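What follows is the residue order along each chain.
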Amino acid sequence: MALYSFRDPGFRWSVIALAILTAGSVLVGFVLLPSVHGDFSARGLWDAICRAAGVPASWSAPKDGTAAPRETLVVLERSMTKVAPSDAVGRGGTLALNCTMCHGAQGMSASNAPNLAGQYPEVVIKQMHDYKSGRRSSTIMEALARALNDDQIRDIAAYYAYLPKARTAPTTYDENLPALVRVGDPLRNIAPCISCHGGVDQKIGTPWIEGMPKAYLVAQLRAFKSGERRNDAQAQMRNMVRGMTEQEIDEVATFYARKASTGENH
Ligand code: HEC
Ligand code: HEC
């Protein structure tokens, strides 16, 4: 006599239950979860299966150069945050003459390019390397970054960090701040913006975003949300904006775009 028989109702039901459980978890893991995570579903079911199995991303990437930019290669180090000696600032200022057309003569953009005046040096270093390696995409910035070597990038970062900070100071805690900026939304795992971008706590590699053009801020938040921009280490920003609505993106962008002359830092 067989040890397990389909005629035994207990055994039959345990097999059926296992089949239902398996089908259910496949649906949740490969269909439901990817459908609510924008950047997870962006490359389809096969990609989701490869990720789940731990296959290196390069194996499944298209070979025709259309692959979405991937994770950053830059490892942030404390030494990048040090203010460089003045000769580096001088050399950086000369190199930055190529940048004024879009980023402004004093690092304050008159168009919708980001302001660079006063930006933390490690941020400029990291972003330039990400453009250079194609981890952050922008036709113009990738081409410009590729023309610069590591020393030149460091000098440019020193120059912009040194420029007079004609910008709204990083936001400190205040009861009147928009909720997402001040306390985030714990139920949706959104940390307060000021816990990383703030004047109280600035996490290494986190840009100074106050006074940036609103169109730039909205574009970056949307790019993180869709997964088109994915050079944020450990998906720090993608995890923040994933659950945000268009209206919330507009609200925080409006808040951060305020200018020193019109809006006070409360
Ligand atoms: C023709 C216009 C143009 C020129 C010239 C230009 N940039 Fe940019 N830069 C941009 C735009 C537009 C962006 C935003 C691109 C994006 O969406 O990623 C940008 C982004 C950046 C960023 C990222 C800033 C941030 O907050 O994330 C850095 C750093 C930067 N540029 C540095 C430079 C440097 C250094 C030069 C000169 C060597 C330069 N740029 C020249 C248009 C320009
Ligand atoms: C957990 C820390 C953290 C929190 C919380 C956070 N950010 Fe960020 N943010 C980052 C990091 C790190 C980067 C830089 C990513 C990279 O290396 O490209 C960034 C980049 C950005 C950028 C792109 C800036 C630029 O110049 O390219 C914007 C805009 C931004 N964050 C807005 C926000 C807003 C608005 C909030 C609140 C809703 C927020 N962030 C919350 C860590 C954080």
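Above this note sits the structure.
From a predicted model like this one, the values you see are computed outputs, not experimental measurements. (Residues numbered from 1 in each chain as written. Chains lettered and ligands numbered in written order. Predicted model: local features only at pLDDT ≥ 70, side-chain atom pairs only at ≥ 80, totals over all residues. Heavy atoms only, no water.)

Engineer: I tried to follow the overall build of the protein on my own but got confused; where do I start?
Structural biologist: Assigned secondary structure in the protein consists of 14 helices and zero strands. In sequence order, the protein lays out its α and β elements as α-α-α-α-α-α-α-α-α-α-α-α-α-α. (Helix = DSSP H or I, 4+ residues; strand = E, 2+ residues; numbered from the N terminus.)

Engineer: I keep staring at the side chain of R238 and nothing clicks. Help me out?
Structural biologist: With respect to the helices and strands, R238 occurs in helix α13 (residues 236–241). A distance of 2.8 Å separates a polar atom in the side chain of R238 from a polar atom in the side chain of E71. (Polar contact = N/O pair within 3.5 Å; in protein donor to acceptor, adjacent residues only side chain to side chain.)

Engineer: Before we go on, may I ask you to explain helix α9 (residues 150–162) in this structure?
Structural biologist: Since there are 3.6 residues in each turn of an α-helix, residues three or four apart along the chain are aligned in direction. Taking 1.5 Å of rise per residue, the 13 residues of α9 would be expected to cover 18 Å, and the 18 Å separating its terminal C-alpha atoms lies within 8% of that figure. Burial in α9 covers these residues: I153, D155, I156, A157, A158, Y159, Y160 and A161. Contacts made by the buried residues of α9 are with α5 (86–95), α6 (100–103) and α7 (121–132). Of the residues flanking the start of α9, the one acting as N-cap is N149, its side-chain oxygen 3.1 Å from the backbone nitrogen of D151. (Expected span 1.5 Å × (residues − 1). Buried < 20%, exposed > 50% of the residue type's maximum accessible area, 1.4 Å probe, protein only. Contact = heavy atoms within 4.5 Å.)

Engineer: Just checking my understanding: could you explain the coordination of the iron atom of ligand 1 for this structure?
Structural biologist: Put simply, a metal with four donors set out as a tetrahedron has ideal angles of 109.5 degrees, and one with six donors set out as an octahedron has ideal angles of 90 or 180 degrees. Coordination sphere of the iron atom of ligand 1, protein contribution only: H103 (NE2) and M141 (SD), at 2.0 to 2.3 Å. Each of the six donor atoms bound to the iron atom of ligand 1 contributes to angles spanning 86 to 177°, and the resulting shape is octahedral. Of this pair, H103 sits in helix α6 while M141 is found in helix α8 (residues 139–146), placing the two residues 38 residues apart along the sequence. The burial state of H103 is the same as that of M141; both residues are buried. (Donors = N, O, S within 2.8 Å, 3.2 Å for Na, K, Ca; no water. Tetrahedral: all angles 85-135°; square planar, octahedral: opposite > 155°, others 65-115°.)

Engineer: Sorry if this is basic, but what is going on with the coordination of the iron atom of ligand 2 here?
Structural biologist: Coordination of the iron atom of ligand 2 by the protein involves H197 (NE2) and M237 (SD), with metal-donor separations of 2.0 to 2.1 Å. Coordination geometry of the iron atom of ligand 2: the six donor atoms subtend angles of 85 to 179° at the metal centre, consistent with an arrangement described as octahedral. Placement of H197 in helix α11 (residues 194–197) and of M237 in helix α13 is noted, with a sequence separation of 40 residues between them. Classification of H197 as buried rests on a relative accessible area of 10%.

Engineer: In this structure, what is going on with unusual backbone geometry? I would like to understand it.
Structural biologist: Generally, phi is negative for residues other than glycine and the peptide bonds are trans, each holding for most cases. For N189, which is not glycine, the phi dihedral falls at a positive 60°. On the accessibility criterion, N189 (61% relative accessible area) is exposed. Despite not being glycine, Q234 shows a phi value in the positive range, around 55°. Along the chain, Q234 turns up in the loop between α12 (214–226) and α13.

Engineer: Even after reading the chapter, I still don't get the nonpolar core, so can you show me in this structure?
Structural biologist: The tendency in soluble globular proteins is for nonpolar side chains to be buried side by side. Counting residues in each nonpolar core, the largest one holds 22 residues, and the members touching the most others are M128, Y159 and Y160. Residue assignment for this core shows that the elements contributing at least two residues are α5, α7, α8 and α9. A per-element tally of this core places α9 first, with six residues. Dropping the residues within four chain positions of it, M128 is found in contact with M141, A145, L148 and I153. In terms of nonpolar packing, the next biggest core, distinct from the first, is built from 21 residues, V181, M244, I249 and A253 among them. (Core = buried A, V, L, I, M, F, W, Y, C linked by side-chain atoms within 4.5 Å.)

Engineer: Is there a simple way to explain α7 in this structure?
Structural biologist: For α7, which comprises twelve residues, the first-to-last C-alpha distance of 17 Å matches the rise-based estimate of 16 Å (1.5 Å per residue) to within 8%. Counting buried positions over the twelve residues of α7 gives ten, a clear majority of the element. Of the positions making up α7, those classed as buried are P121, E122, V123, V124, I125, K126, Q127, M128, D130 and Y131. Against the buried residues of α7 lie α8 and α9. Where α7 ends, the next residue or the one after it, G134, has phi of about 75°, a positive value.

Engineer: What is the right way to look at the side chain of R136 in this model?
Structural biologist: Summarising the element assignment, R136 is placed in the loop between α7 and α8. As a buried residue without a salt bridge, R136 has its nearest oppositely charged side chain in D130, at a separation of 7.0 Å. Side-chain polar atoms of R136 contact the side chain of Q127, separated by 2.9 Å. A polar contact is formed between the side chain of R136 and the side chain of Q220, at a distance of 3.2 Å. (Lys, Arg positive; Asp, Glu negative; His and termini not counted. Salt bridge = Lys/Arg side-chain N within 4 Å of Asp/Glu carboxyl O.)

Nothing here speaks to function; it is all geometry.
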